[in-house]
Amino acid sequence: MDTNSKYTLIETDEDYRETVSHGSSKYPFAFYDEDVWEFDFHCIDWHWHAELEFVYVKSGTMTAMVGSERFRVGPNTGLFINTKVLHRFDSESSVIIPNILFLPTLFAAEDSLLYQNYISPVLYASAPYQIFSDDVPWQAKINRLLLDVFALQQDEEKNEWRTVQHLMELWDILYRHTKVSVATFRNEPSAAKQAQLQIMMRYIQDHYQNPISLDEISSVAAISKSSAMKLFAMVLHTSPIAFLVRYRLQCAAQQLLSTEQTVGMIAQNTGFSDTAYFCRKFKKLYGMTPTQYRAGGDHRGRSSIL
């Protein structure tokens, strides 16, 4: 695993599953030392993955959106994100976050007694995330173990054995403190609700160039307009129409950089019938006019999902 890997974008499929492989089939573990500020639009955009993720905020403060929750994470704080949980990180300045991702099978095979008794309870009977504060002794110990794991990746070439040893110790602490937690998250939003949300998001992405109403968005998932609005608000902290407008603007930003079409033509191509309205919305999101953005502003040329 290349510990110097750097990413400035999150690549996902149509269901927002991250497409980058973390580690290998022989060793499903990866370490990254990243700055949220260096990602396009200063955010690590919405995505999910089968891997467990442990993040440590070394410096700075970021806004995390995990599952249906939104919260701030400051320096010297650890964060665990469970498997298959939709999440996003935003920053207002530099936020250094060394982090690791690994499959639960790094500990034991899925059909093993160890996996069933010690891995599954955390995967399926706990919250979507856990914050580790140095003010709580057991959480402080997890933070120290995380720092030890990070150091191993940077200082030793053959570090797999010691890495897993530290992770097993970390997992034992996490297991002992979360195995009897009430499983509120795994039912809200349920897998069915997340699927409905993804269906609506995909519909918007496929039809953003055309007029789209809230009725149409909700009907593709066979739910009411009010249910669609509640689902978007709970998970993405926005409305379906606001999501549509923002997605259109992000597609327009891509076209401004990759084509020579006029601003008016790009506005029409991305679903805006009024160029003046498009320009106002664009400036509100990007802090500059479409013309200024094309000429060269503070952007990296990637369209984020939200």
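See the structure printed just above.
Residues numbered from 1 in each chain as written. Predicted model: local features only at pLDDT ≥ 70, side-chain atom pairs only at ≥ 80, totals over all residues. Heavy atoms only, no water.

**Student:** I would appreciate a short explanation of the sheet that holds strand E6 (residues 77–81) in the present structure.
**Tutor:** The strands that make up a sheet pair up through hydrogen bonds in the backbone, lying either parallel or antiparallel. Pairing is antiparallel across the open sheet formed by five strands, whose spatial order is E1-E8-E3-E6-E9. At either margin of the open sheet sits one strand with a lone partner, and together these are strand E1 (29–35) and strand E9 (129–133). Strand-to-strand twist across the sheet, computed as the mean angle between neighbouring axes with direction ignored, equals 15°. Pairing of strand E3 (residues 52–57) with strand E8 (residues 96–102), which is carried by four bridges, proceeds in the antiparallel orientation. Along E8, the bridge assignment pairs Glu53 with Leu101. On top of the sheet, helix H2 (residues 137–155) reaches E1, E3, E6, E8 and E9; it is set at about 95° to E9, its chief contact. Strands in contact with helix H3 (residues 160–178) are E1, E3, E6, E8 and E9; relative to E3, the strand with the most contacts, it is inclined by about 95°. (Pairing = 2+ DSSP bridges. Helix = DSSP H or I, 4+ residues; strand = E, 2+ residues; numbered from the N terminus. Axes fitted to C-alpha atoms, helices over the stretch in contact; angles between N-to-C directions. Contact = heavy atoms within 4.5 Å.)

**Student:** Explanation requested: the pattern of salt bridges in the structure shown.
**Tutor:** Note on pairing: side chains with opposite charge can pair once their charged atoms come close. Tallied over the entire structure, the rule returns six salt bridges. Residue Asp90 pairs with Arg88 through a salt bridge whose shortest N-O separation is 2.9 Å. By relative accessible area, which is 16% here, Asp90 ends up buried. Between Glu169 and Lys141 there is a salt bridge; the shortest N-O distance is 3.8 Å. One end of the pair, Glu169, is in helix H3; the other, Lys141, is in helix H2, with 28 residues separating them in the sequence. On the accessibility criterion, Glu169 (35% relative accessible area) is partly exposed. (Salt bridge = Lys/Arg side-chain N within 4 Å of Asp/Glu carboxyl O. Buried < 20%, exposed > 50% of the residue type's maximum accessible area, 1.4 Å probe, protein only.)

**Student:** Sorry if this is basic, but what is going on with the nonpolar core here?
**Tutor:** One recurring pattern in soluble globular proteins: nonpolar side chains tend to sit buried together. Counting residues in hydrophobic clusters, the biggest one holds 29 residues, and the most contacted among them are Phe29, Phe54, Ile100, Phe102 and Trp171. Taken together, the elements giving at least two residues each to this core come down to E1, E3, E8, helix H1 (113–124), H2 and H3. (Core = buried A, V, L, I, M, F, W, Y, C linked by side-chain atoms within 4.5 Å.)

**Student:** Got a minute to help me understand helix H9 (residues 275–286) in this structure?
**Tutor:** The periodicity of an α-helix, 3.6 residues per turn, causes residues three or four positions apart to be oriented the same way. Taking 1.5 Å as the rise per residue, H9 with twelve residues should run 16 Å; its terminal C-alpha atoms sit 16 Å apart, in good agreement. Within the sequence span of H9, burial applies to Phe278, Phe282 and Tyr286. Taken down its axis, H9 places every buried residue within 40° of arc, on the same side. In H9, those exposed residues whose orientation departs by more than 90 degrees from the buried face are Arg280 and Lys284. Its side-chain oxygen at 2.9 Å from the backbone nitrogen of Ala276, Asp274 defines the N-terminal cap of H9. In the stretch just after H9, Gly287 is the one whose phi turns positive, near 75°. (Expected span 1.5 Å × (residues − 1). Arc of directions from axis to C-beta. Polar contact = N/O pair within 3.5 Å; in protein donor to acceptor, adjacent residues only side chain to side chain.)

**Student:** Looking at this structure, I do not really get the packing of aromatic side chains. What am I missing?
**Tutor:** Remark: the centre distance and the inter-plane angle together describe each pair of aromatic rings, the angle taken between the planes. Summed over all chains, the structure comprises 22 aromatic pairs. Summarising the aromatic geometry, the rings of Phe54 and Phe132 are spaced 6.3 Å apart at their centres and angled 10° between planes, so their arrangement reads as stacked. Highlighted residues: Phe54 in strand E3 and Phe132 in strand E9, separated in sequence by 78 residues. Note on Phe132: relative accessible area 0%, which makes it buried. Where Phe278 meets Phe282, the ring centres are 5.7 Å apart and the plane angle is 55°; that geometry is what we call tilted. On the criterion of helical spacing, the pair formed by Phe278 and Phe282 is a turn pair, its members being four residues apart in helix H9. Linked through ring pairs, Tyr27, Phe29, Phe54, Phe80, Phe102, Phe107, Phe132, Trp138 and Trp171 together constitute an aromatic cluster. The aromatic ring of Phe272 is capped on one face by Arg248, whose charged end is 6.0 Å from the ring centroid. (Phe/Tyr/Trp six-rings, centres within 6.5 Å; stacked < 30°, edge-to-face > 60°. Lys NZ or Arg CZ within 6 Å of the ring centre and 35° of its normal.)

**Student:** Could you clarify how one ought to interpret the pairing of strand E2 (residues 43–47) in this entry?
**Tutor:** Of all five residues in E2, five are buried; the element is thus mostly enclosed. Two elements, E2 and strand E7 (residues 87–91), share three bridges in a ladder whose sense is antiparallel. Bridged to His47 within E7 is His87.

**Student:** Looking at this structure, I do not really get the packing of helix H7 (residues 240–258) against H9. What am I missing?
**Tutor:** What describes two packed helices is the angle between their axes and the distance between those same axes. The contact between H7 and H9 brings their axes to 10 Å, and the two run at 90°. Classified by the angle between their axes, H7 and H9 sit roughly perpendicular to one another. Together, Val245, Arg246, Leu249, Gln250, Ala252, Ala253 and Leu256 of H7 and Tyr277, Phe278, Lys281, Phe282, Leu285 and Tyr286 of H9 make up the contact between the two elements. (Parallel < 35°, antiparallel > 145°, perpendicular 65-115°, else oblique.)

**Student:** Please explain the packing of H1 against H3 as it appears in this structure.
**Tutor:** Close contact between H1 and H3 brings their axes to 10 Å; oriented N to C, the two are set at 65°. Read as a crossing pair, H1 and H3 show a hand that is left-handed. The segment H1 lies against H3, with Asn117, Tyr118, Ile119, Pro121, Val122 and Leu123 engaging Trp171, Leu174, Tyr175 and Thr178. (Left-handed = near helix turned anticlockwise from the far one by under 90°.)

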